[in-house]
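Structural features, examined
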Amino acid sequence: QLNFAKSKGTGQGTQAADQPTATLAMNDAASNLDRLALQAMSLRDHEGIGRITGIPGAFPNIPGMAGADAQAKLDTLKSQAAFTVLQAMRAASKTGGALGQVSDREELMLANNLAALQNSQSEQALKDNLLLMIQWAQGAKARMQNAYDMTYKGAVAAPPAGAPTTPRAAPKFLGFE
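Points about the overall build of the protein chain
Within the protein chain one finds four helices and zero strands. Going from the N terminus to the C terminus, the protein chain shows its helices and strands as α-α-α-α. Burial statistics for the protein chain: of 177 residues in total, 27% are counted as buried. Pairs at least 24 residues apart make up 63% of the contacts formed inside the protein chain by residues separated by at least 6 positions. Working note: accessible area of the protein chain is about 11200 Å², and carbon and sulfur atoms make up 58% of it.

Shown next, in the form of structure tokens:
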């Protein structure tokens, strides 16, 4: 029984020592998710979105006009989406090296991982996919905050949307080193 108590204390000490790094990582990831959602909202509501989708999207945009501005927002969003997915994959990897160098083709695949973001789509399809991206970013941020709170604050997990709200006890951290 003494070994169990010692092991539990060591685990709690390690957890407390890891909290500042985890807090920094969580805040950084939350900021990136917020930026992604804001960029998607900005593009969804942009006056030039109709100029970069469907048949008009097949033609070059006039520099300085709304279509060129919307295309720049789309390009930025694709880059942010690719980076967000890549960072999530690296964070989920025990070694942090889920992916090494990423080719242009792989970056495009990562960018389209969250939602299809193609100029050839209709304006409505692009707007629908932007909404999916916004919802994903908001949900990912909530799940991340929930996991952090459970780990470092002993909070009870928030139920998924639509789930019954029966209270459960917070899990206890047990270290078995």
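Further notes follow.
Quick word on the side chain of Gln80
You can see Gln80 is positioned in helix α2 (residues 66-92). Residue Gln80 is classed as buried on the basis of its relative accessible area, which comes to 13%.

So, helix α4 (residues 123-152)
Helix length check: α4 (30 residues) gives 43 Å between terminal C-alpha atoms against 44 Å at 1.5 Å per residue, within 8%. Of the residues one or two after α4, Gly154 is the one with positive phi, at around 65°.

Things to note about the confidence of the model for the protein chain
In the predicted model, the protein chain carries a mean pLDDT of 78, and 68% of its residues have values of at least 70. Least confident of the elements in the protein chain is helix α3 (residues 104-111), whose mean pLDDT is 70; most confident is α4, at 91. The low-confidence segment residues 162-177, where pLDDT is below 50, has 22 contacts with residues more than four positions distant or belonging to other chains.

Description of the environment of Asn119
Within the fold, Asn119 resides in the loop between α3 and α4. Note: C-alpha distance between Asn119 and Gln71 (48 residues apart in sequence) is 8.7 Å. Setting aside residues no more than four positions away along its own chain, Asn119 makes contact with Ile52, Thr53, Gly54, Gly57, Gln71, Leu74 and Lys78.

A look at the environment of Glu123
Note that Glu123 resides in helix α4. Among all residues touching Glu123, those that are not within four sequence positions of it are Ile49, Gly50 and Thr53.

Description of the nonpolar core
Membership of the largest hydrophobic core comes to 24 residues, with the highest contact counts inside it found for Leu36, Leu43, Leu77, Leu117, Leu130 and Met133. Among the secondary structure elements, those contributing two or more residues to this core are α1 (2-44), α2 and α4. Here this core gets seven residues from one element, more than from any other, and that element is α2. Leave out the neighbours within four places in its chain, and Met133 touches Leu36, Ala40, Leu77, Ala81, Leu114, Ala115 and Leu117.

Here we look at the side chain of Asn32
Positionally, Asn32 belongs in helix α1. Polar contacts involving the side chain of Asn32 include one to the side chain of Arg35, which spans 3.0 Å.

A closer look at the packing of aromatic side chains
This structure, assessed with the given rule, holds one aromatic pair. When the centroid spacing of 4.9 Å and the interplanar angle of 45° are considered together, the rings of Tyr148 and Tyr152 count as tilted. In this pair, Tyr148 and Tyr152 are both assigned in helix α4, four residues apart and thus about one turn of the helix distant. The class of Tyr148 is buried, set by a relative accessible area of 9%. The class for Tyr152 is partly exposed, based on a relative accessible area of 21%.

Each value, and the rule that gives it
Counting from 1, residues in each chain are numbered in the order their sequence is written. Thresholds applied to this predicted model are a pLDDT of at least 70 for local features of residues and 80 or more for the giving and counting of side-chain atom pairs; totals over whole chains, interfaces and linings are not thresholded and use all residues. As a rule here, side-chain values come from all non-hydrogen atoms in the structure, and water together with hydrogens is ignored. Here a strand is any run of E in DSSP of at least two residues, a helix any run of H or I of at least four, and the numbering for each starts at the N terminus. Relative accessible area decides the class of each residue, using a 1.4 Å probe on protein chains only: under 20% of the type maximum gives buried, over 50% gives exposed, and in between gives partly exposed. Residue contacts are defined here by distance: any two heavy atoms, one from each residue, within 4.5 Å place the two residues in contact. Shrake-Rupley sampling with a 1.4 Å probe provides the accessible areas, and residues are treated as covered by the protein chains on show and by no other component. Expected span of a helix, by definition, is 1.5 Å for each gap between consecutive residues, and there is one gap fewer than residues. In predicted models, pLDDT denotes the confidence assigned by the predictor to each residue on a 0 to 100 scale. Put simply, a nonpolar core is a bunch of buried Ala, Val, Leu, Ile, Met, Phe, Trp, Tyr and Cys residues held in one set by side-chain atoms that sit within 4.5 Å of each other. The definition of a polar contact used here is a pair of N or O atoms within 3.5 Å, where within protein one atom must be able to donate a hydrogen and the other to accept one, and adjacent residues in sequence count solely through side-chain atom pairs. Pairing of aromatic rings covers Phe, Tyr and Trp, the last through its six-membered ring, and needs centres within 6.5 Å; plane angles under 30 degrees mean stacked, over 60 mean edge-to-face, and all others mean tilted.

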